[in-house]
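What follows is each chain in one-letter form.
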Amino acid sequence: MRISRRGLLQLACLAPRLRSAAPVSFPSAPPNDRAVFPQPRNGETVAINPPGFAWWRAPGAAMYRLLIWDDQGREVYQAPYLTDPVHLPTKPLPPGEYCWDVEACDRDDRVLAKRGVWYFTVPEGVTEFPWIAPEQILALVPDTHPRYMFLRDALPEIRRSLQAGRRQAWNSIRSSAERYLKTEPPKPPEYHTYTDPARQRMGYVAYFREFRSVIDNAMSTLALAYVLSGDERYGLAAKRILLEVESWGIEGPMSVMAPWGDEPGLSMAKHGHRAYDWLCDLFDESERQRVRDMTIGRARQVLTRLKRADYLASPGESHNGRLIAYLSEYAVTLKDEAPDAVEWLDYSLRALTTFYPHWGDSDGGWAEGISYALSYNLIYLGALESLLAATGYNLYQRPFYQRVRRFLLYCTSPVAEIKPFGDGFEGGVGSSGATLMMHHGRRFRDPACVWYARQTGASVTGDPLIALLTEDDVPALPPSDLPSAAVFRGVGWAAMHGALDKPREDTFVLFKSSPYGSVSHSHADQNSFAILKGGRGLAIPSGYYGPAYGMPHHAQWTRQTKAHNSILVNGEGQVWGSARAQGRILDFRHQRAITYVAGDAAAAYQGKLKQFVRHLIFLRPALVAVLDELEAPAPAEFRWLLHAFEPMELDEAARLVIIYRAGATLSVRLACDHGLAFSQTDQFDTPYNEGNPPEYHEDKPNQWHFTARTLQPAARTRIGAVMVVRGPGEDFDTEWLEHPGWWGVQLSSREGAGRVWIQVTPDSRPPEGVPAGSLVAARWQPREGDPELMLVGASGI
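Anyway, here's the lowdown on the structure attached to this text. (Residues numbered from 1 in each chain as written. Predicted model: local features only at pLDDT ≥ 70, side-chain atom pairs only at ≥ 80, totals over all residues. Heavy atoms only, no water.)

What the second largest pocket holds in volume is close to 940 Å³. Around the second largest pocket sit 28 residues that line it, and Gly-498, Ala-499, Arg-620, Pro-621 and Glu-751 are the ones nearest its centre. Taken together, the residues that form the lining of the second largest pocket break down as ten nonpolar, six polar and twelve charged. (1 Å grid on protein atoms, 1.4 Å probe; cavity = no way out; pocket = protein on both sides within 12 Å on 5 of 7 lines; lining within 4 Å. Points joined across faces, edges and corners; volume = space filled by probe spheres on them. Nonpolar A, V, L, I, M, F, W, Y, C, P; charged D, E, K, R; others polar.)

Now for the state of the cysteines. Scanning the model with the defined rule gives zero disulfides in all. Just so you know, Cys-449 is unpaired, no disulfide at all, and the nearest cysteine sulfur is the one on Cys-411, 13 Å from it. (Disulfide = S-S within 2.5 Å.)

Reading across the sheet, the five strands line up as β11-β12-β13-β14-β15 and stay open at both edges, with antiparallel pairing between neighbours. Either end of the sheet is taken by a strand with one partner, and the two such strands are β11 (485–488) and β15 (536–539). The sheet shows a mean angle of 15° between the axes of neighbouring strands, direction not considered. Direction of pairing for strand β14 (residues 528–533) relative to β15: antiparallel, over a ladder of three bridges. (Pairing = 2+ DSSP bridges. Helix = DSSP H or I, 4+ residues; strand = E, 2+ residues; numbered from the N terminus. Axes fitted to C-alpha atoms, helices over the stretch in contact; angles between N-to-C directions.)

Here we come to helix α14 (residues 430–443). Taking 1.5 Å per residue, 14 residues should reach 20 Å; α14 reaches 20 Å between its end C-alpha atoms and fits that length. For α14, a buried count of ten out of 14 residues is recorded, marking the element as mostly surrounded by other parts of the structure. For α14, the complete set of buried residues consists of Gly-433, Ala-434, Thr-435, Leu-436, Met-437, Met-438, His-439, His-440, Gly-441 and Arg-442. Where α14 terminates, the next one or two residues include Arg-445, which has phi positive at roughly 55°. (Expected span 1.5 Å × (residues − 1). Buried < 20%, exposed > 50% of the residue type's maximum accessible area, 1.4 Å probe, protein only.)

Turning to the sheet that holds strand β29 (residues 742–748), a few remarks are in order. Strand order in the open sheet made by the five strands is β28-β29-β30-β31-β32, with antiparallel pairing throughout. Lying at the two open borders of the sheet, with one neighbouring strand each, are β28 (733–739) and β32 (788–793). This sheet shows a mean twist of 10° between the axes of neighbouring strands, independent of strand direction. Alignment of strand β31 (residues 774–782) against β32, held across six bridges, turns out to be antiparallel. Considered in β32, the bridge of Ala-778 is made with Met-790.

A separate point is the environment of Ala-225. Considering the arrangement of structural elements, one finds Ala-225 in helix α5 (residues 197–229). Sequence-wise, Ala-225 and Gly-392 are 167 residues apart; in three dimensions their C-alpha atoms are separated by 24 Å. Apart from residues no more than four positions distant in its own chain, Ala-225 is found in contact with Trp-170, Ile-173, Ala-177, Gly-230 and Tyr-234. (Contact = heavy atoms within 4.5 Å.)

Time to look at helix α9 (residues 320–333). In this model, α9 (14 residues) spans 20 Å end to end at C-alpha, consistent with the 20 Å of a helix rising 1.5 Å per residue. Burial of α9 is extensive: 14 of the 14 residues sit out of reach of the surface.

Quick look at the pairing of β14 now. Most of β14 sits inside the fold, with six of its six residues counted as buried. Here β14 shows a buried face lined by Ser-528, Ala-530 and Leu-532 and a second buried face lined by Phe-529, Ile-531 and Lys-533. As judged from the six bridges shared by strand β13 (residues 507–512) and β14, these two strands associate in the antiparallel manner. When the sheet's bridge partners are listed, Phe-511 is paired in β14 with Phe-529.

Here we come to the nonpolar core. The nonpolar side chains of soluble globular proteins are, as a tendency, buried together. In terms of nonpolar packing, the biggest core is built from 151 residues, with Phe-150, Trp-344, Tyr-356 and Phe-407 touching the most fellow members. Beyond its immediate chain neighbours, meaning those up to four positions away, Phe-150 contacts Leu-155, Ile-158, Leu-224, Val-227, Leu-228, Trp-278, Leu-465, Leu-468 and Leu-469. Core analysis: the second largest hydrophobic core is formed by 48 residues, Ile-567, Tyr-605, Ala-636 and Phe-678 among them. (Core = buried A, V, L, I, M, F, W, Y, C linked by side-chain atoms within 4.5 Å.)

A word on unusual backbone geometry. The residue after Asn-49, namely Pro-50, is reached through a cis peptide bond having omega 0°. Along the chain, Pro-50 falls in the loop between β2 (48–49) and β3 (53–54). A cis amide bond links Arg-620 with the next residue in sequence, Pro-621, at an omega value of 10°. Here Pro-621 shows up in the loop between β19 (611–619) and β20 (623–636). In this structure, Gln-606 takes a positive phi of about 50° despite not being glycine. With respect to the helices, strands and loops of the structure, Gln-606 is situated in the loop between β18 (594–600) and β19.

The subject of this paragraph is the packing of α5 against helix α7 (residues 263–278). Between α5 and α7, the least distance of the axes is 10 Å, while the angle of their chain directions is 10°. Regarding the angle of α5 to α7, the classification is roughly parallel. Within the contact of α5 with α7, the residues separate by chemical class into 14 nonpolar, three polar and three charged. (Parallel < 35°, antiparallel > 145°, perpendicular 65-115°, else oblique.)

Among the seven residues in β18, seven count as buried, and that is most of the element. The alternating pattern of β18 places Ile-594, Tyr-596, Ala-598 and Asp-600 and Thr-595, Val-597 and Gly-599 on opposite faces, both of which are buried. Note that strand β17 (residues 584–590) and β18 share six bridges and pair antiparallel. Paired with Ile-585 across the strands is Gly-599, a residue of β18. Here β17 folds back onto β18, and the loop between the two strands holds three residues.

Structural data, given as structure tokens:
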């Protein structure tokens, strides 16, 4: 019997431990919906040396011991007495293959349980980034204020650059600061005194939006303008706001642990310490002490909240993902003014150097969706940049921070009217997208990111501070040499473009099947897709993120499967709010003209489906085919869903649906052996304003929702859809194709000709030119050059 290389490695690592085997009591599945993803993943080839380690807690354990062995079974690293389930080793590992395990121990260091051996590979040439003691890092922070982002000794050079490489950003900040000079401090909140829960919730939302306009926008911009210019008009205006808000204290509705909602506290947690640092020389001693004490108190409150949530083991609560980064900023700002600054930095870096961000993966993806990818990837930059500026400690070396720009480049369009998937998909990437991509373009010298930012047409003011940190010295170049498709397996997204470098002509197909489940700001939308043409939304996720998070429309429509381009079984969708309601990318293949992806979403239905494999193939520039393999435990009705901004044209006899949007069209032809009945409506099951107090009502445009319902109950079936995407004035010819058991579409243009086939009836003989055993097939013959062929067999995934 031959043993694989992996098997030999595991045997070598297990051999010295067999004598001390202990009962395994580590959870075999996530212990809760916010649990950390263990890493490095079993079998992973890591992209940094050493990797950060994270694992699930074992019930009853007082501490843990991390052990690493090489491929000869020799122990090369041990970290005992770990009270939290995360660790970054203090030294790099030589390139090679390794096993790792974790022992759960009691207070006397007796082994209670072993997690089980996993393995990983350290390749040659990856960045070395071992743990450095927080004390050493903070010792590098200057002793004088300002030291948050703009060090006192560096200010003269930075001020000179305001008329050179930072001129555009500075002019925008100064213009905004002039407008904000007369901004009045906010009034103390009252929403927490309301007795009606809906009115209290909406009062909170209305208040924090107004509060942000004063704190995040006015106060922070004024303080920034002061530190950069020295103009006391800006500083005194910011100081007036800061002193007023700080006089309210940090408890009650201003606490980051407030039961009525935490956003006002979060705004001060983000901006209070910045203002303290930048305005420090404008305070008298009494004011300085008062603001310092409040700032230290808020930092301690942040750490208390994180520890209560056991953040290092359960980091899935979204807002905590802001606070963990703020702790690093507090440590830099207050390094010699608070005795616990080292503790703040230690706790923060144990996350930022291991699993953080929880919603991101090492390939750069962000599971919660684009809206939250944009906001949170701006938020944590304060920690990265303040540490880099004050100490040279460079967290950008970690894989996620280097790769997230690629996720945004592929999984969004700079000119689109929507940004699927997840909460906040309404609207384009806007100034947040422009700011984030411009920053990454300059920080990593990436011309494609700078090009993207400029394509948005938005101002680079999503965060005025971030816009100013780098100089405008990177040229803008379109991503013409990049592949036109990419997969992000860690978060389960695949993006396919017809013209990545021409967004106003681009056919953009986005697919999601995520192992992160349907928790937080993610939706119950595994195996769903969206299709855009030149930025126009054709096949869209539907509903609105409102009137507030968790209000009836958001909870009962927007984040449910019925709001997405996916499948219902017996009228029911996937489970929302469960980390176990997962999808996964089964396969991804890319050629120049053809891209294929397959996802498995059966687990998301939690027993309602035994199989839901969705195959999607894209033949550039215009053909898309989707084939769903469905199986339920018993005969069932299946519903194939499609959503659009505008009324759809239905022709049930021809099995045809056409979506129109601003001159673009999506034509869809559907097939199923068990028959299909078509219907559409422009009504939400849960209206937008349901449960919303009248004074907060908003008018929102209707959207259109199409259903193809199977006519005959069946335990197993396939539903196929072949599609043509066409932009205004595009010149090509298409023809629908039929062959017994198969449906297809072909295209002919000046560039070439191609066709796509899908097998709707199992075991049916394929059409001419398609090999037996195929399930999905596509062929492209350019006018000049070699043809492309992609075949997917029934067992090919």
